[in-house]
Amino acid sequence: MPMSGSVLSAAIKAALSAEGFELGNAPQTEKFVDVIAEQVVNHIQTQALVTTTVAVASVSGVTTGPGVSGPGTGTGTGAIK
């Protein structure tokens, strides 16, 4: 599931409510939580770098002519959505 500021905001509000905060009577506080959650998600999505190691098993018959693919390892990078 992609990251979502609104999902994070709802989780934060639920956690605050469970701790006794009454957000229903504080619309500015609710908006504050919404803005913080959106910016946290935005920052992670735009600044995070994910790296991984990939292992490849030996596979024959995947290229034309003689040869065997793999084994080997490599690295990859990706974005957080």
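Residues numbered from 1 in each chain as written. Predicted model: local features only at pLDDT ≥ 70, side-chain atom pairs only at ≥ 80, totals over all residues. Heavy atoms only, no water.

*Asks:* Requested: an account of the overall build of the protein, with residues and values cited.
*Replies:* Scanning the protein from terminus to terminus reveals two helices and four strands. In sequence order, the protein lays out its α and β elements as α-α-β-β-β-β. Expressed as a percentage of its 81 residues, the buried residues of the protein come to 10%. Sequence separation of at least 24 residues holds for 50% of the intrachain contacts in the protein that already meet a minimum separation of 6. Only carbon and sulfur atoms are counted for the fraction: they give 60% of the accessible area of the protein, which is about 6100 Å². (Helix = DSSP H or I, 4+ residues; strand = E, 2+ residues; numbered from the N terminus. Buried < 20%, exposed > 50% of the residue type's maximum accessible area, 1.4 Å probe, protein only. Contact = heavy atoms within 4.5 Å. Areas by Shrake-Rupley, 256 points an atom, 1.4 Å probe, with all protein chains shown as cover.)

*Asks:* Quick one: what's the story with the pattern of salt bridges, residue by residue and with numbers?
*Replies:* Side-chain pairing between opposite charges can occur once the charged atoms of the two side chains come close. Tallied over the entire structure, the rule returns two salt bridges. A salt bridge links K13 to E30, with the nearest nitrogen and oxygen atoms 3.6 Å apart. Within this pair, whereas K13 is found in helix α1 (residues 5-18), its partner E30 is found in helix α2 (residues 27-47), the two being separated by 17 residues in sequence. Using a relative accessible area of 26% as the deciding quantity, one classes E30 as partly exposed. (Salt bridge = Lys/Arg side-chain N within 4 Å of Asp/Glu carboxyl O.)

*Asks:* An account of a nonpolar patch on the surface is needed here, citing residue identities and associated values.
*Replies:* On the surface, a cluster of nonpolar side chains totalling about 270 Å² of accessible area is made up of F32, I36 and V40. Mapped onto the elements, I36 comes out in helix α2. Relative accessible area serves as the criterion here: at 39%, I36 is assigned to the partly exposed category. (Patch = residues over 30% accessible without salt bridge, like charges linked within 9 Å, V, L, I, M, F, W, Y side chains within 5 Å.)

*Asks:* Before we move on, could you go through the environment of E30 and cite the residues and values that matter?
*Replies:* Taking the C-alpha atoms as reference points, E30 and S9, separated by 21 residues in sequence, lie 8.6 Å from one another. When residues no more than four places from it in sequence are discounted, the contact partners of E30 are K13, L23 and G24.

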